[in-house]
Amino acid sequence: GRESGRLVSAYLAARDMEGALAALKEHRRAHPDVDPSMRSLLTLAAYHEKQEQYAEAADLYRRAILAWPDDPLGPKALISYGRLILDVFHEPDTALELLEQARVHPKVTPEFERASQELTAAARRALPAAAQEPEPAPPQAAAPPPEPAPEMSSIEGFEHTAHFDATPSEEA
């Protein structure tokens, strides 16, 4: 497992991205439970991004984060993945979770903390208007006492509908 992981790194050191991708594919086939180094995975993820192969890039960022949670490059992986999720996949909620993980990562540097804060501000701006103001809405909704009863009815109706919809799917 380590030998083929080193082969990926060797191709990357030689700046042979296609060779590195082929070596990664072979490595995954032979050793699906052993990931190459964080640095190799991040380099290949960035390469996929430049090629506009965003799903592949996201997969490599995710694998790097899961395989090497304590790596000093962890904050970089989290920030890069969060940026991709925000800019390309337009999922500010998911991006915010990743960026928060980067901000509190034990190996975060001031540079990565700053980058995380800047992207967090962008992700908050990208949230829908309703999600940006969660605090003012609950006190207003909690103030009128008659509101909870109708909401419970609609929730119960929704649960019943969801159960009804799930039954035919299970039979299919």
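Residues numbered from 1 in each chain as written. Predicted model: local features only at pLDDT ≥ 70, side-chain atom pairs only at ≥ 80, totals over all residues. Heavy atoms only, no water.

1. Describing the overall build of the chain
Along the backbone of the chain there are 10 helices and 0 strands. Overall, the chain shows an N-to-C arrangement of helices and strands of α-α-α-α-α-α-α-α-α-α. Within the span of the chain, comprising 172 residues, buried residues form 31% of the whole. At a minimum sequence separation of 6, the contacts of the chain that also span at least 24 residues come to 55%. If you sum the accessible surface of the chain, you get close to 11,200 Å²; carbon and sulfur atoms cover 55% of it. (Helix = DSSP H or I, 4+ residues; strand = E, 2+ residues; numbered from the N terminus. Buried < 20%, exposed > 50% of the residue type's maximum accessible area, 1.4 Å probe, protein only. Contact = heavy atoms within 4.5 Å. Areas by Shrake-Rupley, 256 points an atom, 1.4 Å probe, with all protein chains shown as cover.)

2. Remarks on the packing of helix α5 (residues 74-87) against helix α7 (residues 110-126)
At a minimum axis separation of 10 Å, α5 and α7 run at an interaxial angle of 20 degrees. Comparing the axis directions of α5 and α7 gives the class roughly parallel. Relative to α7, α5 is oriented so that their crossing is left-handed. Only Phe-112, Ala-115, Ser-116, Leu-119, Ala-122, Ala-123 and Ala-126 of α7 make contact with α5, whose side of the interface consists of Pro-75, Lys-76, Ile-79, Arg-83 and Leu-86. (Axes fitted to C-alpha atoms, helices over the stretch in contact; angles between N-to-C directions. Parallel < 35°, antiparallel > 145°, perpendicular 65-115°, else oblique. Left-handed = near helix turned anticlockwise from the far one by under 90°.)

3. A closer look at the confidence of the model for the chain
Predicted coordinates in areas of low pLDDT are best not read in detail. For the chain, mean pLDDT is 78; residues scoring 70 or higher make up 73% of the total. Ignoring residues within four places in sequence, the model shows residues 133-172, a span with pLDDT below 50, making 1 contact including any to other chains. (pLDDT = per-residue confidence, 0-100.)

4. Things to note about α7
The terminal C-alpha atoms of α7 lie 24 Å apart, and with 17 residues this matches the ideal 24 Å at 1.5 Å per residue to within 8%. Looking at α7, one finds that the buried residues are Phe-112, Ser-116, Leu-119, Thr-120 and Ala-123. Looking straight down α7, one finds that the buried residues subtend no more than 115 degrees of arc, so they occupy a single side. In this structure, α7 carries Pro-110, Glu-111, Glu-118 and Arg-125 as exposed residues pointing more than 90 degrees from its buried face. Buried residues in α7 make contact with α5 and α6 (92-104). (Expected span 1.5 Å × (residues − 1). Arc of directions from axis to C-beta.)

5. Digging into helix α2 (residues 17-30)
Look at α2: 20 Å from first C-alpha to last across 14 residues, which is about the 20 Å you get at 1.5 Å a residue. Buried residues of α2: Met-17, Gly-19, Ala-20, Leu-21, Ala-23, Leu-24 and His-27, and no others.

6. Describing the pattern of salt bridges
Where charged atoms from two side chains of opposite charge approach closely, those side chains can pair. Tallied over the entire structure, the rule returns 6 salt bridges. Its salt-bridge partner being Asp-59, residue Arg-28 comes within 3.5 Å of it at the nearest N-O pair. Remark: Asp-59 occurs in helix α4 (residues 54-67) and Arg-28 occurs in helix α2; sequence separation between them is 31 residues. The closest approach of N and O atoms between Arg-103 and Glu-100, which form a salt bridge, is 2.7 Å. Placement of the pair is Arg-103 and Glu-100 together in helix α6, with a separation of 3 residues, close to one helical turn. A relative accessible area of 37% places Glu-100 in the partly exposed class. (Salt bridge = Lys/Arg side-chain N within 4 Å of Asp/Glu carboxyl O.)

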